[in-house]
Amino acid sequence: MTADYERATTADHRLHALANLVTALCHLVRPADTMCGSCTWETLVKPLATPLIGWQRGYRPDCAKDPDPHHTWRLVTGTDLMTAWKKAERDRTPAATDTEQWLRTEEAWDAYCGELIRRLNAADPANGCGIHRYRRAKTTA
């Protein structure tokens, strides 16, 4: 573990909790399981880490939208994207400390997430790819 990883987990209790989740996943996987470290990262850990560290940190979460039964496709222009970004940037929580500013960098993302990915890949039993929704883990008889 690096000093930057420790800095991130010490700075935000949510990052510490996510690291504990990864540790639990790594300890619970058995040699006969079908856990792929990369798939676990993409489907479980990365979506939880994204709003907590790196460029996405500090933005307010969006409210859940009601389903639109008459959904139609709409073209989005660059102007629309820039307007949405400027609005989100106004609502972003300012970084008041050096550590908070650092947590919003690519360096912090790489240090923290790199360690989690290393752990997940080390725990991968190489018996399959993915956490499959409808597939049972292989068992030894």
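A. Structural context of the packing of helix α2 (residues 13-28) against helix α3 (residues 37-49). Contact geometry for α2 and α3: axes closest at 10 Å, N-to-C directions at 160°. Regarding the angle of α2 to α3, the classification is roughly antiparallel. Classified by chirality, the crossing of α3 by α2 is right-handed. For the pair formed by α2 and α3, the contact residues are Leu 18, Leu 21, Val 22 and Leu 25 on the first element and Thr 40, Val 45, Leu 48 and Ala 49 on the second. Of the residues belonging to the contact of α2 with α3, the class tally is 7 nonpolar, 1 polar and no charged.

B. Examining the pattern of salt bridges more closely. Counting across every chain of the model gives 10 salt bridges. Ionic pairing is found between Asp 12 and Arg 14, a salt bridge with its closest N-O pair at 2.8 Å. We classify Asp 12 as buried; its relative accessible area is 5%. On the accessibility criterion, Arg 14 (41% relative accessible area) is partly exposed. Here Lys 46 makes a salt bridge to Glu 42, at a shortest N to O gap of 3.9 Å. You can see Lys 46 and its partner Glu 42 sitting in helix α3, 4 residues apart, about one turn around the helix. Shared partners join several salt bridges into a network, and the residues in it are Asp 12, Arg 14, Arg 57, Glu 100 and Arg 104.

C. Local environment of α2. Given a rise of 1.5 Å per residue, 16 residues ought to cover 22 Å, and the 22 Å separating the end C-alpha atoms of α2 matches this to within 8%. Those residues of α2 that are buried lie in contact with α1 (3-11), α3, α5 (98-103) and α6 (106-123).

D. Inspection of the packing of α1 against α2 at higher detail. For the pair α1 and α2, interaxial distance at closest approach is 5 Å and the crossing angle is 115°. Put simply, α1 runs roughly perpendicular to α2. When α1 is examined against α2, the residues Tyr 5, Ala 8, Thr 9 and Ala 11 are found in contact with a partner set consisting of His 13, Leu 15, His 16 and Ala 19. Split by residue class, the contact of α1 with α2 holds 5 nonpolar, 3 polar and no charged.

Reading the values: the criteria
- Residues numbered from 1 in each chain as written.
- Predicted model: local features only at pLDDT ≥ 70, side-chain atom pairs only at ≥ 80, totals over all residues.
- Heavy atoms only, no water.
- Axes fitted to C-alpha atoms, helices over the stretch in contact; angles between N-to-C directions.
- Helix = DSSP H or I, 4+ residues; strand = E, 2+ residues; numbered from the N terminus.
- Parallel < 35°, antiparallel > 145°, perpendicular 65-115°, else oblique.
- Left-handed = near helix turned anticlockwise from the far one by under 90°.
- Contact = heavy atoms within 4.5 Å.
- Nonpolar A, V, L, I, M, F, W, Y, C, P; charged D, E, K, R; others polar.
- Salt bridge = Lys/Arg side-chain N within 4 Å of Asp/Glu carboxyl O.
- Buried < 20%, exposed > 50% of the residue type's maximum accessible area, 1.4 Å probe, protein only.
- Expected span 1.5 Å × (residues − 1).

Fair warning: the whole summary comes from geometry, so function is off the table for now.
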